[in-house]
Each structure stands twice: as C-alpha cells, then as structure tokens.
Amino acid sequence: MEDFIQNNKLTLLGKLTAGLLHEIRNPLTVIKLNLDYLNMFEKELSAELRESIASSLEAFERINFIISDVLDFTRKSGDRQKSVSINTVTERALDIISFTASKRSINIIKQFDPKVPELNINENKLLQVMLNLINNSIEASNDKSIIYVKTFYSETPENKKIVWEVEDFGCGIKEEDKEKILAGFYTSKIKGSGVGLTVCKRLLEEMGGQLGFDSEFGKGSRFFIKFIF
Ligand SMILES: Nc1ncnc2c1ncn2[C@@H]1O[C@H](COP(=O)(O)OP(=O)(O)OP(=O)(O)O)[C@@H](O)[C@H]1O
Ligand SMILES: [Mg+2]
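Residues numbered from 1 in each chain as written. Chains lettered and ligands numbered in written order. Predicted model: local features only at pLDDT ≥ 70, side-chain atom pairs only at ≥ 80, totals over all residues.

1. Side note on unusual backbone geometry
Phase 1: Here the phi dihedral of Ser-105 falls at roughly 50 degrees; this positive angle occurs in a residue that is not glycine.
Phase 2: Along the chain, Ser-105 falls in the loop between helix H3 (86-103) and strand E2 (107-111).
Phase 3: Residue class for Ser-105 comes out exposed when judged on the 10 C-beta atoms lying within 10 Å of it.
Phase 4: Its identity as a non-glycine residue notwithstanding, Lys-144 has a phi of 65 degrees, on the positive side.
Phase 5: Here Lys-144 lies in the loop between helix H4 (123-140) and strand E4 (146-155). (Helix = DSSP H or I, 4+ residues; strand = E, 2+ residues; numbered from the N terminus. Buried ≥ 20, exposed ≤ 12 C-beta atoms within 10 Å, placed from the backbone.)

Below is the structure:
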C-alpha cells in the first residue's frame, strides 16, 4: 500500500511540476524578448552592459533547457504504451547506469538474443525496473567484478516467452532472507529503503510481467523478468 501511495505521489508530483513549469515559461519568454530587444542597441551599449545581457541570455538558455528536459521526462513517464524491444530498453538502462558501474570498475557484459520480438508496454516503467535490478547487482558486487545482462526468447505451440536477467557474482542472499525480499520493504543495507524491489514488483504487475530470482549466499544472484504471452 505504501508503495502505491508513493507511486501516486510521484505521478502527482510529475503533473504538478509540469503545470508549474508551463507557468514559469510564460514570464520567462517575456524576459527573453526584452533581452533580445536590448541587444538590438548593442552598438550603443557599453561593453559591460553587453556582457551582462549576454550572460542573462545564456542563463535563459540554461533554464529553458532544464524546463524542456523535465517536461519531456514527466510527459514520457505517463502511462503511454508503445511497441518496443526489450533489447533497446536495456541499452538505454546500460547507458544510464554505466557511469555508476565504471566508477567501481564493474564490467557489465550484455548478451542479447536478437530474436526477441517487440512488446507493447510502457518503456519507462520497464526502464525503471531494469535500473533498480542492475543497481542492486552493482551494490551487491565487489569492485572490478563482472555483471551479465542477458535476454532470451523462446517459442512453443502454447506460448511465447521473453526473459531478461541480470546476473552478479556478489554477496548473494541468505536462505532465511529469500522470502523477505519479495515480500516488500525489506533491506539489508544501511542506506537502503527496500523500495527498489517493491516498486519493481508493482510495475511488473502493471505490465503483465513476472519477477523472480535465484541466489546463493557468498556466490551471487540472478534476478529475472519474464513476459509470457
Ligand atoms: N543482486 C542482489 N544481490 C544480493 N542481495 C540483493 C540483490 N538484490 C536485492 N538484494 C537484497 O534485497 C534487498 C531489497 O532490495 P531493494 O532493492 O528492494 O532494496 P534496497 O536495495 O535495500 O534499497 P533501495 O533499492 O530502496 O535503495 C536488498 O537490501 C538486498 O538485501
Ligand atoms: Mg535497491
């Protein structure tokens, strides 16, 4: 329930932010127009004034860029579905997380099945799930270790199956903790909140996917997502 509320809060926050940014944009445009106007008298102005107009215009560009960026993000994180390959979403996730991994010299190796078909889902929800799972693997791993990210596709007369997995050779999970992990809001980390997997489970339920894992304490873990259709 708590994660549901948290998700809702984030959606609400997204909407509020979008509204707020639109409001900011109008007066900002007025400022920009006035700066452009002043700039027309460039030749009559002192070097100092020209300099301060130029830096104000630069600051305007910066604010405008941030606003566009945030608006773009809040728009995208809506409930839009589209046809997308799980391989493409994984590439995006790896682009985002590569910096965190490289800071600790962790090598993420990808092995994609090219036969994976496109799925009709919300790309940002799937991205969020991948980021949470890869992030957990990074946090569980020692520096300079390896993490595999793989996709698989299989077909039987009954169904089609897409599997995505992240495998690490980190601390692993104790037998007695395995149940607690998927029950929600469990953390073994000092700065953890146990929100990561709870949100993953919820988002996957919304997307019609399943979350699972196997793990051996001291050896490593493999977390996987399954889409059967
Ligand atoms: N790859 C993994 N290897 C070992 N343990 C893991 C792994 N993934 C998850 N866990 C265990 O599951 C717990 C719950 O994970 P979850 O992502 O929900 O929360 P967290 O990582 O502790 O905190 P948060 O994600 O909120 O920052 C972790 O604290 C850890 O004990
Ligand atoms: Mg986590």
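Anyway, onward from the coordinates.
2. Quick word on the site of ligand 1
Phase 1: As a structural note, the neighbourhood of ligand 1 is formed by 23 residues, with Ala-140, Thr-187, Gly-192, Gly-196 and Leu-197 the closest of them.
Phase 2: Looking at the shell around ligand 1, the elements that each hand over two or more residues are H4, helix H6 (195-207) and strand E7 (220-228).
Phase 3: Tallied by class, the residues present in the shell around ligand 1 amount to eight nonpolar, 13 polar and two charged. (Near = placed C-beta within 6 Å. Nonpolar A, V, L, I, M, F, W, Y, C, P; charged D, E, K, R; others polar.)

3. Regarding the sheet that holds strand E5 (residues 160-168)
Phase 1: The strand order E2-E4-E5-E7-E6 describes an open sheet built from five strands, whose pairing is mixed. The open sheet terminates on both sides in strands that have one partner only, identified here as E2 and strand E6 (210-216). Here the average twist between neighbouring strands, direction ignored, is 15 degrees.
Phase 2: Sheet topology places E2 next to E4; five bridges connect them, and they run parallel. (Pairing = 2+ DSSP bridges. Axes fitted to C-alpha atoms, helices over the stretch in contact; angles between N-to-C directions.)

4. Observations concerning the nonpolar core
Note that soluble globular proteins tend to have their nonpolar side chains buried in a common cluster.
Phase 1: In this structure, Val-129, Met-130, Leu-133, Ile-134, Ile-147 and Val-166 are the most contacted members of the largest nonpolar core, which totals 25 residues.
Phase 2: Of all the elements in the fold, those that place two or more residues in this core are H3, strand E3 (118-121), H4, E4, E5, H6 and E7.
Phase 3: With six residues, H4 is the single largest residue contributor to this core. (Core = buried A, V, L, I, M, F, W, Y, C linked by C-beta atoms within 7 Å.)

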